[in-house]
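Each chain, letter by letter, is given below.
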Amino acid sequence: MLRPSLRKSNQMRPVSMETGVNKWAEGSCLIKMGGTHVLCTASVEFNQPTWKRIQNKTGGWVTAEYSMLPRANGTRRGHEAMTRDNRATEISRLIGRSLRSVVDMEKLGRHTITIDCDVLQGDGGTRCASITGGFVALALAVRWLLANGRIHENPISDNVVAVSAGLWHGELVLDLDYDEDCEAELDSNFVLSGRGDFIEIQATGEQHPFTASQLTELMTMAQTACQKLTELQNQVLE
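So, a few notes on the structure that sits alongside this text. Numbers given for residues are sequential positions, taken from 1 along each chain in its written order. Totals for whole chains, interfaces and linings use every residue, but because this is a predicted model, local features are given only for residues with pLDDT of at least 70 and side-chain atom pairs only at 80 or more, for both listing and counting. As a rule here, side-chain values cover all heavy atoms of the structure and leave hydrogens and water aside.

**Things to note about the overall build of the chain**
Going by this rule: Only runs of H or I of at least four residues qualify as helices and only runs of E of at least two qualify as strands under DSSP, and these elements are numbered from the N terminus. Radius of gyration here uses only the C-alpha atoms, and the compact-globule reference equals 2.2 Å multiplied by the residue count raised to the power 0.38. Accessibility here uses a 1.4 Å probe with only protein chains present; expressed as a share of the type maximum, an area under 20% marks a residue as buried, one over 50% as exposed, and anything in between as partly exposed. Residue contacts follow a heavy-atom distance rule, with two residues in contact if any of their heavy atoms lie within 4.5 Å. As used throughout, the charge tally considers Lys and Arg to be positive and Asp and Glu to be negative, leaving His and the chain termini uncounted. Charged groups are reduced to one reference atom each: NZ for lysine, CZ for arginine, CG for aspartic acid, CD for glutamic acid.
When helices and strands are counted, the chain shows seven helices and nine strands. Its C-alpha atoms give the chain a radius of gyration of 18 Å, near enough to 18 Å, the size a compact globule of 238 residues would have. With respect to the principal axes defined by its C-alpha atoms, the chain has extents near 55 × 40 × 35 Å. Taking all 238 residues of the chain together, the buried fraction comes to 50%. Taking as baseline every contact in the chain between residues at least 6 positions apart, the subset at least 24 positions apart corresponds to 69%. When the 24 positive and 29 negative side-chain charges of the chain are each reduced to one mean point, those points stand 6 Å apart.

Structure follows, in structure tokens:
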């Protein structure tokens, strides 16, 4: 069956990343994956989070907050409704732990970096775009810390990227847009390192169980796509 976007089953939407889009943030990236546009900013604080100070822990911390602007989707959602959004809380935690997987907190020193991912326009895959763009913002914030002598060694060991995939009308497809996501029989998100190792896999049989072979094929598709996303990250960070 022909995909709504006329893409091949293993074809991603056009992806672009633009850095330096926020005047004040220590790192920023506007990522566009098809119709999904996310503004990612990285803010540096010169102290640890409260819980680390209370527990007398060493090292820094990386955390994230995700939100959708009121008119990011077809129907407006007010700011008050978004503050009670459990989905946003779950995605915030996903972004934070994904990025922390490649950061040496001791090398980061007593600093906290907060990655804010604000969805300007949503068309499926917003969490994946947030992770991919959020890493670029994080890398720029770390570069800022190094340039200003706050730290003396890069704490980031690898890239972090993410892509969605699923089963749509009986066909395994990559990078689902909103129309496909709404009808997907299997919906999954893959977070990978730049080396192609898996950081996190989220997969749900929306209409019926799925097989191990289907998941394996989706993992292979995701690895190929994430290699391309890593290359694009490195290009914009040059």
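Still to come is the rest of the account.
**Digging into the state of the cysteines**
The following threshold applies: A pair of sulfur atoms, both from cysteines and within 2.5 Å, is called a disulfide here.
This model, assessed by the stated rule, comprises zero disulfides. Lacking any disulfide linkage, C29 is separated from the closest cysteine sulfur, that of C40, by 5.8 Å.

**Let's talk about the packing of aromatic side chains**
Using the following cut-off: Aromatic rings from Phe, Tyr and Trp, taking only the six-membered ring of Trp, are treated as a pair when their centres fall within 6.5 Å; an angle between ring planes under 30 degrees marks them as stacked, one over 60 as edge-to-face, and anything in between as tilted. Any Lys NZ or Arg CZ found within 6 Å of a ring centre and within 35 degrees of that ring's normal is scored as a charge over the ring.
The final tally for this structure, using the stated rule, is three aromatic pairs. Aromatic side chains F46 and W144 sit 6.2 Å apart centroid to centroid with 10° between the ring planes, which places their arrangement in the stacked category. Of the two residues, F46 sits in the loop between β3 (36-45) and α1 (50-54) while W144 sits in helix α5 (residues 126-147), which places them 98 residues apart along the sequence. Note on F46: relative accessible area 46%, which makes it partly exposed. One residue, R150, lies across the ring of F46, its end atom 3.9 Å from the ring centre.

**Topic: the sheet that holds strand β5 (residues 112-121)**
Test applied: Between any two strands, at least two bridges found by DSSP are needed for them to pair. Orientation is described by lines fitted to C-alpha atoms, with helices fitted over the stretch in contact, and by angles between N-to-C directions that extend from 0 to 180 degrees.
Pairing is mixed in the open sheet, where five strands are placed in the order β1-β2-β3-β5-β4. Pairing within the sheet leaves two strands with one partner each, and these edge strands are β1 (15-19) and β4 (61-68). Direction aside, neighbouring strands of the sheet carry axes that sit 15° apart on average. Across the sheet, α5 lies against β1, β2 (27-33), β3, β4 and β5, angled at about 30° from β3, the strand it touches most.

**Thoughts on the side chain of N189**
Structurally, the position occupied by N189 is in strand β8 (residues 186-193). By relative accessible area, N189 is classed as buried at 11%. Filtering out sequence-adjacent residues up to four positions away, N189 remains in contact with R127, C128, V163, S164, E200, I201 and Q202.

**Some points on the sheet that holds strand β9 (residues 198-205)**
The antiparallel open sheet is built from four strands, whose spatial order is β7-β6-β8-β9. Each edge of the open sheet carries a strand with a single partner, namely β7 (171-174) and β9. Direction aside, neighbouring strands of the sheet carry axes that sit 15° apart on average. Bridge count between β8 and β9: seven bridges; the pairing is antiparallel.

**Section: the pattern of salt bridges**
Using the following cut-off: Within this document, salt bridges are pairs made up of a side-chain nitrogen of Lys or Arg and a carboxyl oxygen of Asp or Glu, the two lying within 4 Å of each other.
All told, the structure shown has ten salt bridges when counted by the stated rule. We note a salt bridge from E180 to R3, for which the minimum N-O separation is 2.6 Å. Here E180, found in helix α6 (residues 178-183), pairs with R3, found in the segment before β1; they are 177 residues apart in sequence, far enough to count as distant. Residue E180 is classed as buried on the basis of its relative accessible area of 0%. By relative accessible area, R3 is classed as buried at 2%. A salt bridge links D158 to R195; the nearest nitrogen and oxygen atoms lie 3.3 Å apart. On the criterion of sequence distance, the pair formed by D158 in the loop between α5 and β6 (160-168) and R195 in the loop between β8 and β9 is long-range, its members being 37 residues apart. We classify D158 as buried; its relative accessible area is 11%. It is possible to trace a salt-bridge network through shared partners that takes in R3, R7, R13, D175, D177 and E180.

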